[in-house]
Amino acid sequence: MSKKCELTGKIPMKGHNVSHANNKTKRRFLPNLKKAKFTSDILKRSLTLTVSNAGVRCVDKKGTFDQFLKTVKNKNISPRLKKLKKSILIKSPFIKKIPKASPSKSA
C-alpha cells in the first residue's frame, strides 16, 4: 500500500534526524493517513478512502464530498477518484449563474 493521500496527493517527505552533535541520519516524514468513509449524495453510494487529516478537513470545508470533488484539480486525486469525479459531473445538474442586474442611471 502506498503512503499517499487519495484526496490531496500528499506523499512522504525526506529529511534528517539531527543529533545534538549535529550528526545527520536519513528519515522519512510520513503523512498522517487514516481510512475514512465518504458518501456521495449524487451517486447514492459510499466509499472508503485512505486520506490524510488535511484531506478530511478540506472535505469538511467544502461542505460535502461531492462539492469537494467538483472543485479539486485532477492532478492531485487518485485515478479511482478521477472516474468518480467524471460520473459526478455528468449526473449533477448544471446550474447557470445569473449575473446581478446593475442599477441603471436614469436622469
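Rules behind the numbers
- Residues numbered from 1 in each chain as written.
- Predicted model: local features only at pLDDT ≥ 70, side-chain atom pairs only at ≥ 80, totals over all residues.
- Heavy atoms only, no water.
- UniProt positions renumbered as here; feature names shortened; annotations may be inferred.
- Salt bridge = Lys/Arg side-chain N within 4 Å of Asp/Glu carboxyl O.
- Helix = DSSP H or I, 4+ residues; strand = E, 2+ residues; numbered from the N terminus.
- Buried < 20%, exposed > 50% of the residue type's maximum accessible area, 1.4 Å probe, protein only.
- Pairing = 2+ DSSP bridges.

- In the nomenclature of an unreviewed UniProt entry, the protein corresponds to Large ribosomal subunit protein bL28 from the organism Candidatus Pelagibacter giovannonii.
- The UniProt entry for the protein carries this comment under Sequence similarities (unreviewed entry): "Belongs to the bacterial ribosomal protein bL28 family."

**Remarks on the pattern of salt bridges**
So, step 1. The tally for this structure, following the rule as stated, stands at one salt bridge.
So, step 2. Measuring nitrogen to oxygen at the nearest pair gives 3.7 Å for the salt bridge that ties Arg80 to Glu6. Pair noted here: Arg80 is in helix H3 (residues 79-91) and Glu6 is in the segment before strand S1 (13-18), with a separation of 74 residues, a long-range link.

**Some remarks on unusual backbone geometry**
So, step 1. You will see that Asn22, though not glycine, has its phi angle at about 65°, which is positive.
So, step 2. In this structure, Lys44 takes a positive phi of about 55° despite not being glycine.
So, step 3. Residue placement: Lys44 occurs in the loop between strand S3 (33-40) and strand S4 (45-52).
So, step 4. Overall, Lys44 belongs to the exposed group, its relative accessible area being 72%.

**Here's the deal with the pairing of strand S2 (residues 24-29)**
So, step 1. Two strands pair when backbone bridges link them, and S1 and S2 are joined in this way by six bridges, in the antiparallel orientation. Its bridge partner lying in S2, Val18 is registered against Lys24.
So, step 2. Hairpin remark: S1 followed by S2, antiparallel, with five residues in the connecting loop; positive phi at Asn22, about 65°.

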